[in-house]
Amino acid sequence: MGTLFERYFPNVAAISDEFVTATIQTLYMTFWTALIAGILGILLGIVLVVTRPGGILENRGLFEILDKVINIIRSIPFIILLALLGTFTRLIVGTTIGETAALVPLIAGIIPFFARQIEIALLEVDPGVIEAAEAMGTSPVGIIFRVYLPEGLAGIIRVSALTIINVIGLTAMAGAVGAGGLGNLAITRGYNRFQSDVTIMATLIILVLVFISQFVSNILVKRVSH
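These figures come from a predicted structure and were not determined experimentally.

Enquirer: What exactly am I supposed to notice about the overall build of the chain here?
Expert: Helices and strands together make up the secondary structure of the chain, namely twelve helices and zero strands. Each helix and strand of the chain, ordered N terminal to C terminal, gives the series α-α-α-α-α-α-α-α-α-α-α-α. Overall size of the chain, expressed as C-alpha extent along the three principal axes, is 70 × 45 × 25 Å. Each of the 226 residues in the chain was classed as buried or not, and the buried ones make up 43%. Residue pairs at least 24 apart in sequence account for 71% of intrachain contacts in the chain once pairs closer than 6 positions are excluded. Once the 13 positive and 14 negative side-chain charges of the chain are each reduced to a mean point, those two points are 4 Å apart.

Enquirer: Even after reading the chapter, I still don't get the packing of aromatic side chains, so can you show me in this structure?
Expert: For any pair of aromatic rings, geometry is given as the distance between the ring centres together with the angle between the planes. Per the stated rule, a full pass over the model turns up one aromatic pair. Between Phe31 and Trp32 the ring centres are 5.1 Å apart and the planes differ by 80°, which places this aromatic pair in the edge-to-face class. Taking relative accessible area as the criterion, Phe31 reaches 48% and is therefore assigned partly exposed. Residue classification places Trp32 among the partly exposed positions, given a relative accessible area of 36%.

Enquirer: Would you mind going over a negative patch on the surface with me for this structure?
Expert: A cluster of acidic side chains, namely Asp126, Glu131, Glu134 and Glu151, defines a negative patch on the protein surface. Take Glu134: it is sitting in helix H8 (residues 127–135).

Enquirer: What exactly am I supposed to notice about the pattern of salt bridges here?
Expert: Where charged atoms of side chains with opposite charge meet at close range, the side chains can pair. Per the stated rule, a full pass over the model turns up six salt bridges. Glu119 is paired through a salt bridge with Arg52; the nearest N and O atoms lie 2.5 Å apart. One end of the pair, Glu119, is in helix H7 (residues 99–123); the other, Arg52, is in the loop between helix H3 (16–51) and helix H4 (60–75), and 67 residues separate them in sequence. We note a salt bridge from Glu58 to Arg60, for which the minimum N-O separation is 3.0 Å. The exposure class of Glu58 is partly exposed, given its relative accessible area of 41%. Beyond isolated ion pairs, a larger network of salt bridges with shared partners links Arg52, Asp67, Arg116 and Glu119.

Enquirer: Sorry if this is basic, but what is going on with the environment of Glu18 here?
Expert: Its location among the elements puts Glu18 in helix H3. Taking the C-alpha atoms as reference points, Glu18 and Leu182, separated by 164 residues in sequence, lie 9.4 Å from one another. Residues contacting Glu18, with those up to four places away along its chain left out, are Leu185 and Arg189.

Enquirer: Looking at this structure, I do not really get the nonpolar core. What am I missing?
Expert: It is characteristic of soluble globular proteins that their nonpolar side chains tend to be buried jointly. Counting residues in hydrophobic clusters, the biggest one holds 39 residues, and the most contacted among them are Ile56, Phe78, Leu122, Ile130, Ile143 and Tyr148. Here this core gets eleven residues from one element, more than from any other, and that element is H7. When sequence neighbours within four positions are dropped, the list of residues in contact with Tyr148 reads Val49, Val50, Ile56, Leu122, Val125, Ile130 and Ile143. Phe9, Val12, Ala22 and Leu209 belong to the second-largest nonpolar core, a separate cluster that totals 16 residues.

Enquirer: What exactly am I supposed to notice about unusual backbone geometry here?
Expert: With the exception of glycine, the majority of residues adopt a negative phi angle, and the majority of peptide bonds are in the trans configuration. Residues other than glycine seldom take positive phi values, yet Phe194 does so here, at roughly 60°. With respect to the secondary-structure elements, Phe194 resides in the loop between helix H11 (181–191) and helix H12 (196–225). Its relative accessible area of 76% is what places Phe194 among the exposed residues.

What counts, and at which threshold
- Residues numbered from 1 in each chain as written.
- Predicted model: local features only at pLDDT ≥ 70, side-chain atom pairs only at ≥ 80, totals over all residues.
- Heavy atoms only, no water.
- Helix = DSSP H or I, 4+ residues; strand = E, 2+ residues; numbered from the N terminus.
- Buried < 20%, exposed > 50% of the residue type's maximum accessible area, 1.4 Å probe, protein only.
- Contact = heavy atoms within 4.5 Å.
- Lys, Arg positive; Asp, Glu negative; His and termini not counted.
- Charge placed at Lys NZ, Arg CZ, Asp CG, Glu CD.
- Phe/Tyr/Trp six-rings, centres within 6.5 Å; stacked < 30°, edge-to-face > 60°.
- Patch = residues over 30% accessible without salt bridge, like charges linked within 9 Å, V, L, I, M, F, W, Y side chains within 5 Å.
- Areas by Shrake-Rupley, 256 points an atom, 1.4 Å probe, with all protein chains shown as cover.
- Salt bridge = Lys/Arg side-chain N within 4 Å of Asp/Glu carboxyl O.
- Core = buried A, V, L, I, M, F, W, Y, C linked by side-chain atoms within 4.5 Å.

In structure tokens, the structure reads:
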């Protein structure tokens, strides 16, 4: 089996330790981006839902500002966002190279994306349930935690999986400009040195991570839907 693998993936076999390191770097970027951007994105998504026209805490001015800012940031291609936040990243981390430095633009790019997804998921909650909660005298905070989040949990899980998959893809792009991870390995070793087996293996590992994320989310959605 080892001989067969070395025959078809000779360059991968020669740098197997680098693949382990690159995979860990990708998981590191994905985990921290998903955690930090996830928390902030959920909070921002909730604010968008409750302050929108007709919301339980309607505030048209705040909603319009947040809505436009999110649309603007989401419209910026990630590769350009990397360049735009270079100085800011250097101020925070001290460098623009490496997986930790990549967290700054990754989080900045994912927060508005995830917030919009959370907004969409929460807007699917039956308005009748919200009206019933208001009629019972439930406070806005109570409605958020007792109605919006429980009723929209399945949708939140779905959009979270979609966001994690997006994060994995962005880590590969960040890796292509020196952030480390599988994207960096695929470009520096696979593409630049014409080692196609390295590029193929990096792609396969990324696909496995995506499939695992989707598989776990499907299981969680089935559990909360019953």
